[in-house]
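# Chain and residue survey
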Amino acid sequence: MSDTASTLPELATYHTGYRSPVTERPHTRTILIGLTVLLLCLFLVLPLLSVFVEAFQQGVGKFLETFSIPDARSAIWLTLLVAAIAVPFNLVFGIAAAWAIAKHRFPGRAFLISLIDLPFSVSPVVAGLVYILLLGTNAPIGGFLYENFNIRIIFAVPGIVLATIFVTFPFIARELIPLMQDQGTGDEEAAISLGATGWQTFWYVTLPNVKWALLYGVLLCNARAMGEFGAVAVLSGKLRGETVTMPLQVELFYNEYASVAAFSLASLLAGLALVTLIIKSWLEWRFGDQLATGTRPH
Amino acid sequence: MKRVAFRQPSVIPGFRLTFSFTIFYLFIIVLIPIAGLYFRTFDLDWNSFVSIVTGPRFIAALRLSFVTSAVAALFNVVIGLLIAWVLVRYEFPGRKVMDAIIDLPFALPTAVAGIALTAIYAPNGIIGSLFDPFGIRIAYTSLGIWIALVFIGLPFVVRSVQPVLQDFNREIEEAAATLGARRIQTITRVMLPTLLPSILTGFAMAFARAVGEYGSVIFIAGNIPRQTEILPLLIVFRLEEFNYPAAAAIAAVMLTVSFLILLAINLIQVWSQRRFGLV
Amino acid sequence: MELALKNVTKSFDGFTALNGISLDIRPGELIALLGPSGSGKTTLLRLIAGLDFLSSGQILFGDEDASAKSVQERNVGFVFQHYALFRHMTVLENIGFGLKIRPARTRPPKSEIRRRALELLELVQLSGLENRYPSQLSGGQRQRVALARALCIEPRVLLLDEPFGALDAQVRRELRRWLREIHDATGHTSIFVTHDQEEALELADRVVVMSQGRIEQVGTADEVYDTPNSPFVYSFIGDSNSLPVRVDNGQIWLQDRTIGLTDPTAPNGPATLFFRPHDIELVEGCGGCLAGTVVTSRRVAGTKHVELEIGGAQHRIEVELPIEHPAATKSRLAFRPKRWKVFSAQEQPVYHTSPAPVPAQSVLLQRAAV
């Protein structure tokens, strides 16, 4: 036992004229804080603000007009549809992968985790490309589907969904795996020893333990699914009103010099990003102990 | 008779179901498509592959992508360390907001970031107009690409260094001080070496992300062949020409580099675990 | 080097962690700061090192006022409870660190730093491990390296914060003996913090018993054990019993009976009687003694610990008897303390504010828990 913890002062100096040996001079601190705030404002806050400034530069009326353009409306619907398919798919996968990896021991678990993380290190453009090469109408599988069933995957909605699933693949799994590994198998073993079935154990014991981490993963997965650009751009074909998602529509407006329309639609996505950040921070602040340990980059 | 089991026996059910599903899904979504890419590269004979990956346009794009990504990631190491330090060590109003906003580049769709950065740094933009009178152009030059890559890579170093710094044992710093080390010596000789593995990891992740980045760059880049054309954009051009084998070849090169970076990150972690353990 | 603390006070945000500490430490002395958690012993050590700063008072290193000096200027060797080794440096680099970072004009040449580090490694009996990293060492070995690193800068005073706190009991005892040897060999003035009385009593030249930011008693192991000068020291060091009594003209009364003890110097009024479980003699037929009903009787190693209820069920105390003693099987015992002390209620104003005088039983339980 030591009483260090209770007597160790918080960074501040308590005796005027002296400074704790483990912190910096007050003016050094002020300069460093100022520099940080400046950098963050310049690199992060300013771009975010400029989206809204550009969107409203010709007034609220012009801003709202964007959302009555049919192309913009269909882009919003398509984005919602894609996310509504991709997120549940990855949710089921994330839970299954976490159950297999975190609650059982078998050789190669670490390797499997690396494989799950793989899509993070693949360029979105390459992610789109791999599906074109496999499922395009002149590729073996895609050709077969097109000739026999008249199903188009590339330059159509299924391709967009596939690409979105690919780029958001690891989000939920990598939130759940470390947390469920930390929690161990004690609770599940207890439930089973009390006579619970596998499903009951999962539903009444495991799920409540990981619900916040699950929400956290879904949140990040959804933000990326709605915002994905590169992978979707490559294989959407950009058929207006049919295969154009919101980020793609932003690009189309922008390239047509419809600046206000582009930024108005973009501000909707920026709003989504802000909401995501707020809920994410709230989850970290409120349920930090029930999320995976450490803040990991995505 | 003793049976050799793949997994260690346990009372927890559902292994077969979840494990098979995980592997199946992984193969369908990730592994088969990626393998397919390498297969398509083999459609090319060796000479055409070489001529693609030594063509001047490819070489220029490769150099641009890798050099700007490396410079951006290095810059991110410097400011990432500073930001992580300030967020962990100092208490100031607005700290929590600043901490939350670090993740903006992860949350903001890249296309939105791209047009926003272009609006700011274009010659008539709020920052671009400050530099324009001096003949310095940011948007539509490699400087603009660099700005975009700094933006999207900013969280990586901060988020990999932050938890390590958070858990850094105050006693270690005090020990250095009692041994006579000045504050700056403590930071450079004791703390930075300890943070090195997380710095390297953050650098590698920021670099990998920057090399593959597309959405936030293409708006600000100008996309002039051999000058401001990045590798992913070259792939897109090849695709638009329906030159699939060439696109596949470029993608294969990029993908291989990503795997090497991924390997490097894992080796860094294994190395630092072995060397330093969890003291 | 001689060390003097003059009226040292330290408060954090209105909480007084140390209150008027004065202490003189002779050159080459090994001092233990002993006290429970929160008694301020670690704070005091950190103030001496310069890791925290005084609210008021003075710390003198020899004739020199160290209070205003930074930790870097004080040249103290500090050994941390959790070693605080630099994990990216080898053992040798760790030990030589303090010399290596000196400004060029006072820095010894590389070969000299190496020589000195190797010499210290030999002193702490770790020769051959110079190229290991801290993660490759056991806890005891890490603590030795930490000590060597602190000694390498030729400190004016050596400060150790719970140096064995994180080690197994076995290793603790070994290192304890070894630390005494090192101290005798190097002759540094040393202060160590501990909450383990056995460690303090065995190792230190003098023990400083602390409680609630004050010094309770300073003395050799014998002095603090045999003649505790406060109820706190009595109950903190060793096992003890306490009974609420009343003093009347030197006669000591428990409820309505005298117990055959007199202390002519004690003021009249309520007081507390302290004695140790083994400092008693059994008496036959009780006219002026303590008598109680046996509640439980346990054998602990070579003695019998007998728990008694005295004065109905109001007070419980424990006495130690030889195993073969016939009284050990009786259901009622009469005895008289051989060595004891009464502290009158007025003498101990400090303790009225703290958790009131601890009943005998809980004191014993606390001791057992430690």
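What you see is a predicted model; the values in this text were computed from it and never measured.

### Description of the UniProt feature "transmembrane region" (unreviewed entry) in chain A
Residues and elements named next belong to chain A. In the UniProt entry, the feature "transmembrane region" (unreviewed entry) is given for residues 31–56, 76–99, 111–133, 153–173, 213–237 and 257–279. Along residues 111–133, the helical share is 74% and the strand share 0%, with 26 Å between the first and last C-alpha atoms. The annotated region residues 153–173 carries 71% helix and 0% strand content, and the separation between its end C-alpha atoms amounts to 26 Å.

### Brief notes about the packing of helix 10 (residues 186–193) of chain A against helix 11 (residues 198–227) of chain A
Residues and elements named next belong to chain A. With their axes 10 Å apart at the nearest point, helix 10 and helix 11 run at an angle of 160° to one another. Judged by the angle between their axes, helix 10 and helix 11 are roughly antiparallel. Where helix 10 crosses over helix 11, the two elements pack in a sense that is right-handed. Contacts between helix 10 and helix 11 pair Asp 187, Glu 188, Ala 191 and Ile 192 from the former with Thr 201, Val 205, Thr 206 and Asn 209 from the latter.

### Looking at the interface of chain B and chain A
Between chain B and chain A, the residue contacts involve 88 residues of the former and 90 residues of the latter. When chain B packs against chain A, the two sides together hide about 8,200 Å² of surface, and 80% of this comes from carbon and sulfur. Sorting the residues of chain B by area buried against chain A places Ile12(B), Tyr25(B) and Tyr90(B) first, and these three jointly supply 8% of that buried surface. At the junction of chain B and chain A, the tally comes to two salt bridges. The partner of Lys280(A) in a salt bridge is Asp103(B), with the nearest N and O atoms 2.3 Å apart. For the interface between chain B and chain A, the tally reads 12 residue pairs in polar contact (both at pLDDT 80 or more). Here the side of chain B that touches chain A is composed, by residue class, of 68 nonpolar, 11 polar and nine charged.

### Points about the UniProt feature "domain: ABC transmembrane type-1" (unreviewed entry) in chain A
Listed under "domain: ABC transmembrane type-1" (unreviewed entry) in the UniProt record, and renumbered for this structure, are residues 76–278 of chain A. When the span residues 76–278 of chain A is considered, its composition is 78% helix and 0% strand, and the gap between its end C-alpha atoms is 22 Å.

### Considerations on a nonpolar patch on the surface
Residue and element names in this part refer to chain B. A cluster of nonpolar side chains, namely Leu 130, Phe 131, Phe 134, Ile 136 and Leu 143, defines an oily patch on the protein surface of about 500 Å² accessible area. With respect to the helices and strands, Phe 134 occurs in the loop between helix 7 (128–131) and helix 8 (142–166). For Phe 134, a relative accessible area of 66% puts it in the exposed group.

### A look at the domain arrangement of chain A
Residue and element names in this part refer to chain A. Domains assigned within chain A are domain 1 (1–53) and domain 2 (56–290). Roughly 530 Å² of surface becomes buried between domain 1 and domain 2 when both sides are summed, with 74% attributable to carbon and sulfur atoms. For the pair domain 1 and domain 2, the number of links is zero salt bridges. Put simply, domain 1 and domain 2 have three residue pairs in polar contact (both at pLDDT 80 or more) between them. For the side of domain 1 that touches domain 2, a count of residues per class yields four nonpolar, no polar and no charged.

### Structural notes on unusual backbone geometry
In the Ramachandran plot, Asn223(B) falls in the positive-phi region, its phi being about 55° despite a non-glycine side chain. Here Asn223(B) lies in the loop between helix 11 (215–221) and helix 12 (231–240). Given the relative accessible area of 22%, Asn223(B) is considered partly exposed. Positive phi is not limited to glycine here, since Gln212(C) has a value of about 50°. Along the polypeptide, Gln212(C) turns up in the loop between strand 9 (206–211) and strand 10 (214–219).

### Observations concerning the pairing of strand 14 (residues 269–275) of chain C
Along a regular strand, successive side chains alternate from one face of the sheet to the other. All names here are of chain C. For strand 14, the tally of buried residues reaches six of seven residues, placing the bulk of the element in the interior. Two elements, strand 14 and strand 20 (residues 340–344), share five bridges in a ladder whose sense is antiparallel. When the bridges of strand 20 are listed, Phe 275 appears paired with Trp 340.

### Things to note about a positive patch on the surface
A contiguous patch of positive charge on the surface is contributed by Arg189(B), Lys100(C), Arg107(C) and Lys110(C). When its relative accessible area of 33% is taken as the criterion, Arg189(B) is described as partly exposed.

### Thoughts on the sheet that holds strand 19 (residues 332–337) of chain C
Residue and element names in this part refer to chain C. Strand order in the open sheet formed by five strands is 15-19-16-17-18, and the pairing between neighbours is antiparallel. Unpaired on one side and paired on the other, strand 15 (280–282) and strand 18 (315–322) mark the two borders of the sheet. Taken over all neighbouring pairs, the strand axes of this sheet differ in orientation by 45° on average, direction set aside. Pairing geometry for strand 17 (residues 303–310) and strand 18, over eight bridges, is antiparallel.

### Side note on the packing of helix 1 (residues 15–41) of chain B against helix 13 (residues 244–276) of chain B
Residues and elements named next belong to chain B. Contact geometry of helix 1 with helix 13 gives a least axis separation of 8 Å together with a crossing angle of 125°. Our classification of the angle between helix 1 and helix 13 gives oblique. The two elements helix 1 and helix 13 meet at a crossing, and its hand is left-handed. Side by side, helix 1 and helix 13 meet where Ile 34, Leu 37, Tyr 38, Arg 40 and Thr 41 of the first sit next to Tyr 244, Ala 248, Ala 249, Ala 251, Ala 252, Leu 255, Thr 256 and Phe 259 of the second. Partitioned by chemical class, the residues of the contact of helix 1 with helix 13 number 10 nonpolar, two polar and one charged.

### Here's the deal with the pairing of strand 12 (residues 251–254) of chain C
Residues and elements named next belong to chain C. In strand 12, alternate side chains face the same way, and those of Ile 252 and Leu 254 are buried while those of Gln 251 and Trp 253 on the opposite face are not. Pairing analysis gives three bridges linking strand 11 (residues 241–248) to strand 12, with the strands arranged antiparallel. Counted as the bridge partner of Asp 248 is Gln 251 from strand 12. Linkage of strand 11 to strand 12, two consecutive antiparallel strands, is achieved through a turn of two residues, within which Asn 249 is found at a positive phi near 50°. Between strand 12 and strand 13 (residues 257–262), which pair antiparallel and follow one another directly, the connecting turn spans two residues, one of which, Gln 255, has a positive phi of 50°.

### Examining the pattern of salt bridges
For the structure on display, the rule yields 38 salt bridges over all chains. In this structure, Glu24(A) and Arg183(B) form a salt bridge, with 2.6 Å as the shortest nitrogen-oxygen distance. Placement of the pair is Glu24(A) in the loop between helix 1 (4–7) and helix 2 (26–55) and Arg183(B) in helix 10 (residues 183–212), with the two residues belonging to separate chains. Taking the shortest distance from any N to any O, the salt bridge between Glu188(A) and Lys103(A) comes out at 3.3 Å. Residue Glu188(A) is found in helix 10, and its partner Lys103(A) is found in the loop between helix 4 (70–102) and helix 5 (109–117); the two are separated by 85 residues along the sequence. By relative accessible area, Glu188(A) is classed as buried at 1%. Connected via shared salt-bridge partners are Arg172(C), Arg176(C), Asp196(C), Glu198(C), Glu199(C) and Glu202(C).

### Quick look at helix 9 (residues 170–178) of chain B
Because each turn of an α-helix spans 3.6 residues, side chains separated by three or four positions in sequence point in the same direction. Residues and elements named next belong to chain B. Across the nine residues that make up helix 9, a large majority, eight, are buried. Within helix 9 the residues assigned to the buried category are Glu 171, Ile 172, Glu 173, Glu 174, Ala 175, Ala 176, Ala 177 and Thr 178. Near the N-terminus of helix 9, the side chain that reaches the backbone nitrogen of Glu 171, with its oxygen 2.9 Å away, is that of Asn 169. Immediately downstream of helix 9, the backbone of Gly 180 shows phi near 100°, a positive value.

Conventions adopted
- Residues numbered from 1 in each chain as written.
- Chains lettered and ligands numbered in written order.
- Predicted model: local features only at pLDDT ≥ 70, side-chain atom pairs only at ≥ 80, totals over all residues.
- Heavy atoms only, no water.
- UniProt positions renumbered as here; feature names shortened; annotations may be inferred.
- Helix = DSSP H or I, 4+ residues; strand = E, 2+ residues; numbered from the N terminus.
- Axes fitted to C-alpha atoms, helices over the stretch in contact; angles between N-to-C directions.
- Parallel < 35°, antiparallel > 145°, perpendicular 65-115°, else oblique.
- Left-handed = near helix turned anticlockwise from the far one by under 90°.
- Contact = heavy atoms within 4.5 Å.
- Buried area = accessible area lost by both parts, 1.4 Å probe.
- Salt bridge = Lys/Arg side-chain N within 4 Å of Asp/Glu carboxyl O.
- Polar contact = N/O pair within 3.5 Å; in protein donor to acceptor, adjacent residues only side chain to side chain.
- Nonpolar A, V, L, I, M, F, W, Y, C, P; charged D, E, K, R; others polar.
- Patch = residues over 30% accessible without salt bridge, like charges linked within 9 Å, V, L, I, M, F, W, Y side chains within 5 Å.
- Areas by Shrake-Rupley, 256 points an atom, 1.4 Å probe, with all protein chains shown as cover.
- Buried < 20%, exposed > 50% of the residue type's maximum accessible area, 1.4 Å probe, protein only.
- Domains from an automatic or database assignment.
- Pairing = 2+ DSSP bridges.
- Lys, Arg positive; Asp, Glu negative; His and termini not counted.
- Charge placed at Lys NZ, Arg CZ, Asp CG, Glu CD.

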